[in-house]
Each structure stands twice: as C-alpha cells, then as structure tokens.
Amino acid sequence: MTTSDFDPRLLTLYKNPKHLLHFQWQDDTRVYRYALVEVINKIDINERTKQKQNELELTQEQIWSKYGINSRNL
C-alpha cells in the first residue's frame, strides 16, 4: 500500500506544477522520483498516446533517452 506521503492522488493539493514528484507504487518500499522535463502545449501532443508528432514511432524508452537523463540510478 502506498504511504500517504507519496500518494499520487495528492497532486490535486498543488496550485502550480512541481519540478519533482515522488511516488510509491503499491506495496513497493522504494520511492520513485519523477522530474519535469518539458511543458507541452495540448495542441502539440496526442492526448491518447501522449506522443508528439516526432515521437510517433518511438518507444517510451527512446523518448525518455532524448532528454539526456542518465539512467545510472535506475
């Protein structure tokens, strides 16, 4: 069970977007940190696939790697 300190449903408490978000998934004891990497206009992203036009043939991992994030801690 997710502890309340890391419950994603608490996002509604914030008035402005956060640069870092921290979640726990179900009964996992680890905390997952997510970083804001881009703000996209709604017209520039497919609402269903969550992909921009130049990302349509890419996997989530390929899109993620475009941001230059080092995966050494994953």
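These lines cover the structure that appears in this document, whether it is placed above or below. (Residues numbered from 1 in each chain as written. Predicted model: local features only at pLDDT ≥ 70, side-chain atom pairs only at ≥ 80, totals over all residues. Heavy atoms only, no water.)

1. Digging into the overall build of the protein chain
Part 1: Scanning the protein chain for helices and strands turns up one helix and two strands.
Part 2: Put simply, the protein chain runs from its N terminus to its C terminus through helices and strands in the order β-β-α.
Part 3: Looking at the protein chain residue by residue over its 74 residues, the buried ones come to 11%.
Part 4: Across the protein chain, every contact between residues at least 6 apart in sequence was considered, and the portion connecting residues at least 24 apart equals 13%.
Part 5: Counting every atom, the protein chain has about 7,100 Å² of accessible surface; 52% of that belongs to carbon and sulfur. (Helix = DSSP H or I, 4+ residues; strand = E, 2+ residues; numbered from the N terminus. Buried < 20%, exposed > 50% of the residue type's maximum accessible area, 1.4 Å probe, protein only. Contact = heavy atoms within 4.5 Å. Areas by Shrake-Rupley, 256 points an atom, 1.4 Å probe, with all protein chains shown as cover.)

2. Observations regarding the pattern of salt bridges
Part 1: Tallied over the full model, the rule gives five salt bridges.
Part 2: Note that D28 is salt-bridged to R30, the shortest N-O span being 2.9 Å.
Part 3: Of the residues examined, D28 reaches a relative accessible area of 18% and is grouped as buried.
Part 4: When the shortest N-O distance is used, the salt bridge between E55 and K52 registers 4.0 Å.
Part 5: Where salt bridges share partners, they join E38, K52, E55 and K66 into one cluster. (Salt bridge = Lys/Arg side-chain N within 4 Å of Asp/Glu carboxyl O.)

3. Remarks on unusual backbone geometry
Part 1: At K50, a residue that is not glycine, the phi angle is positive and equals roughly 60 degrees.
Part 2: If you trace the backbone, K50 turns up in the loop between β2 (32-35) and α1 (60-65).
Part 3: For K50, a relative accessible area of 57% gives the class exposed.

4. Details of the environment of L56
Part 1: By the secondary structure assignment, L56 is in the loop between β2 and α1.
Part 2: Taking C-alpha positions, L56 is 9.3 Å from N46, a pair spaced 10 residues apart along the chain.

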